[in-house]
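Survey of secondary and tertiary structure
In case you want the letters, here they are:
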Amino acid sequence: MDVQHGLDLYTRMCFLRQFEERVDVLYRRGLIHGPVHLGLGQEAIAVGVASVLRPGDNSLGTYRGHAHALARGAPPDAVLAELLGRAGGICDGKGGSMHITSVPHGYYGSYAIVGAHLPVACGLAWAAKIRRTEQVTVCFFGDGTTNIGAFHEALNLAAVWRLPVVFVCENNWYMEYTPIADVIPVALPAADRAAAYGLDRIVVDGNDVAAVRDVAGAAVAAAREGRGPSLVEAQTYRLKGHSAADAAAYRPAEEVARWRERDPLLLTRTALVKAGTAESVLEEIDARAKSDLAELARQVLDRPGPEPAAAWTDVWSDGSGQWRN
Amino acid sequence: MAELTYRQAVNAALFQEMARDDRVVLLGEDVASGGVFKTTGGLRERFGPDRVWNTPISEQAIAGAAMGAAMGGLRPIAEIMFADFYATCWDQVANEIAKVRYMTGGQVSLPLVLRGANGSGGLGFGSQHGQSVENWAMCVPGLKIVSPASPAEAFGLLAGAIRDDDPVLVFEHKALYAGKEAVPDGEYTLPLGQARTVRAGHDVTLVGLSITVGTCLAAADELAGQGISAEVVDLRTLVPLDAAAVLGSVARTGRLVVVEENPGQLGWGASVAAIAAQEAFDSLTAPVTRVSGGNVPLPVAASLEAEVDVSAARVVAAAQAVLGHGRERSGIS
């Protein structure tokens, strides 16, 4: 891996790591209103895929979506304000953690109903195909999504219509608290279903940012060139629970320990050191991300909540919430 | 003025809007070959395969793709063949389409239309293909609801819905498709949120929607023979609701009968009745009364169906009952 590019990817992953760690702290202090689902351990997928997208491309994620929004360029203070229910939230305080959206950055939302956004991704890709914009749409989802009907309807439609969409399954091996192996009749939740839609079986190490970038780059290029959709299974592991309220005690300790050795930041760090990067350079990146996030949290926590009157706006495109005269 | 069937009016509105704006695209099951209810004929031939797309039987994919396409700069029209099938894509409609604008702080608008065949009308479609389901949508903020009662309304309101920048569910009544009416020539649209007084009267207000507007008109004819003057208000849209039109009529007549085809359990008529009871109380000289479909799944045999569907006879009976009340207007002095 080119060292400068590797450092850039590492810096981005490091920021996402520190963002989620800070959110975890804030959650434990009772400062976050509602649930949060942390992407700790899955940073290489968000960063690796985002690194091959163009500014006009679209992406969509799940309720575990902070990293996907930030990776596309969503302003961290607005995302944090949304989580904390403070003024200036990226969704004006109306979406919260599970619905982070940043349309100016091509991030068409985090979806909290499992599978709901796969058909929506088809629609964005369909619009791009009809309008011949060469935009690519990337849709992230978890392993549990592969068992819901919308997954199959969307994969089928995308394949039949040859849509410029890349579906990325973040297989962290757990459907909430249940091992995915307990609820699928095949070995791999996404890859082993690809053939049903005439798609290639694509598996990538989701903790290896360079590998993710390469595989995503090929899939995005295929979509952009009109060669239709792809389904990529990126294998990873969440370092903490399903939500911040979940201690994840159902996972064997040796399994967690094994995956901690494959922490995506650790892997990138090791590769960079091997390529000649000084430890001190990496430590400085870590320290800066940590202090930047602490400072950001302080600033956002100083803000008041959104004005209560805003609860009545933006139901309709005229900005109002009126349903009758 | 050309005489069109309701079905032809739907088709003509689609032609008008697709010709006017090339962002308008159509998707749904069999739509490229004219559709099961023959409302989309000729569109593929006229506008080409980029504008008219056949889908698999995948309502979640249809509704979700419409949402994504609207976010991506198009103005999609998705056909949900039978309105009962909203149950198979209700997540997309109620959780995503209705809420995404609000949940994102207004970052996106969804200029889309979901349309399809709704209602009973005594055609024997039964419990899963014959329901009137506007109510399902009415309890979800963020969805506009259109139910045309005539060919001219089918034309104008569909065109208005397509031009609207919010998600609109258009409920076409399958028992009205064959009915004919003169429709204005040239470009034609109707605004959403404006009820129409289809018959003036001064003794009682009958409020209907879609097929029950005709039920109310038939009842008004019969009541006229008995010396009772009924005013008939066609709501046209449930959201936005033209409550002022209902309240204005009740201010003149003092009596209100609300007529809906769906089961009465939490039907839209309950909302209209509650608004009148609260905001027109001083005008009312009799209890607000509802006539609605039976609170049972819809049966198929004609004799059973007739037993539970609304009818002019039941509206007449309800009007006679409210006319029998002698309460003086309390707010008039």
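None of the values given here were measured: they were computed from a predicted structure. (Residues numbered from 1 in each chain as written. Chains lettered and ligands numbered in written order. Predicted model: local features only at pLDDT ≥ 70, side-chain atom pairs only at ≥ 80, totals over all residues.)

Here's the deal with helix α9 (residues 264–274) of chain A
Residue and element names in this part refer to chain A. Which entries qualify depends on this criterion: Neighbour density around each residue's C-beta defines its exposure: 20 or more other C-beta atoms within 10 Å make it buried, 12 or fewer make it exposed, and counts between make it partly exposed, where C-beta atoms are placed from the backbone. Here a helix means four or more residues in a row that DSSP labels H or I, a strand means two or more in a row labelled E, and each is numbered from the N terminus. This arc is taken over the directions from the axis of the helix to the C-beta atoms. We call two residues in contact if the C-beta atoms placed from their backbones are at most 7 Å apart.
Within α9, the full set of buried residues consists of Pro-264, Thr-268, Arg-269 and Leu-272. The buried side chains of α9 occupy one side of the element, clustering within an arc of 130 degrees when seen end-on. Seen from the open side of α9, the exposed residues pointing more than 90 degrees away from its buried face are Leu-266, Thr-270 and Lys-274. Contacts from the buried residues of α9 go to α1 (3–28), α2 (43–50), α7 (209–224) and α10 (279–301). Just beyond α9, the residue with positive phi is Gly-276, at close to 110 degrees.

Digging into the sheet that holds strand β6 (residues 144–146) of chain B
Residues and elements named next belong to chain B. What counts is decided by this rule: Only strands joined by at least two bridges in the DSSP assignment are considered to pair. Each axis is a line fitted through C-alpha atoms, taken for helices only over the stretch in contact, and angles between the N-to-C directions span 0 to 180 degrees.
With mixed pairing, the 7 strands of this open sheet are ordered in space as β3-β2-β4-β5-β7-β6-β12. One side of each edge strand has no neighbouring strand; the edge strands of this open sheet are β3 (52–54) and β12 (237–239). Put simply, the sheet's adjacent strands are angled 20 degrees from each other on average, direction ignored. The pairing of β6 with β12 spans 2 bridges and is antiparallel. Residue Ile-145 lies in a different strand from β12, and its bridge partner there is Val-239.

Remarks on the interface of chain B and chain A
Counted only if it meets this: Residues are grouped as follows: nonpolar covers Ala, Val, Leu, Ile, Met, Phe, Trp, Tyr, Cys and Pro; charged covers Asp, Glu, Lys and Arg; every other residue, Gly included, is treated as polar.
Tallying the contact residues gives 41 residues for chain B and 37 residues for chain A. For the side of chain B that touches chain A, the secondary-structure elements that each account for two or more residues are α3 (59–71), α4 (90–97), α5 (100–103) and α9 (243–253) of chain B. Looking at the side of chain B that touches chain A, its residues break down into 19 nonpolar, 15 polar and 7 charged.

So, the packing of α1 of chain A against α9 of chain A
Residues and elements named next belong to chain A. So the rule is basically this: Orientation categories follow fixed angle ranges, with anything under 35 degrees roughly parallel, anything over 145 roughly antiparallel, 65 to 115 roughly perpendicular, and all other angles oblique. In a left-handed crossing the near helix is turned counterclockwise from the far helix by less than a right angle, and in a right-handed crossing that turn is clockwise.
It is the contact of α1 with α9, at a shortest axis distance of 10 Å, that shows an interaxial angle of 155 degrees. Taken together, the axis directions place α1 and α9 in an arrangement best described as roughly antiparallel. For the crossing formed where α1 meets α9, the hand is left-handed. Note on element contacts: α9 touches α1 through Pro-264, Leu-265, Thr-268, Arg-269, Ala-271 and Leu-272, opposite Val-3, Gly-6, Leu-7, Leu-9, Tyr-10, Met-13, Cys-14 and Arg-17. By residue class, the composition of the contact of α1 with α9 is 10 nonpolar, 2 polar and 2 charged.

Digging into the nonpolar core
Applied cut-off: A set of buried Ala, Val, Leu, Ile, Met, Phe, Trp, Tyr and Cys residues, joined through C-beta atoms within 7 Å, is what we mean by a nonpolar core. The domain limits used here are those given by an automatic or database domain assignment.
Counting 207 residues, the largest nonpolar core has Cys-122 and Val-232 of chain A together with Leu-206 of chain B as the members making the most contacts within it. When residues of this core are sorted by domain, at least three fall in each of domain 1 (2–183) and domain 2 (196–323) of chain B. Contacts of Val-232 of chain A, omitting those with residues within four sequence positions, involve Val-166, Phe-167, Val-168, Cys-169, Ile-202, Val-204, Val-215, Ala-216 and Ala-219 of chain A.

Considerations on the confidence of the model for chain B
Applied cut-off: One number per residue, pLDDT, summarises how confident the predictor is, and it ranges from 0 to 100.
Per-residue pLDDT for chain B averages 96, and the proportion of residues at 70 or more is 98%. Across the interface, the model reports ipTM at 0.97; the global pTM reads 0.97.

Here we look at the domain arrangement of chain B
All names here are of chain B. Domain boundaries in chain B define domain 1 (2–183) and domain 2 (196–323). The C-alpha-based centres of domain 1 and domain 2 are spaced at 26 Å. Opposite the 27 residues of domain 1 that make contact, domain 2 presents 24 residues. Those elements that provide at least two residues to the side of domain 1 that touches domain 2 are α6 (134–138), β6, α7 (151–163) and β7 (168–173). Split into classes, the residues belonging to the side of domain 1 that touches domain 2 amount to 11 nonpolar, 13 polar and 3 charged.

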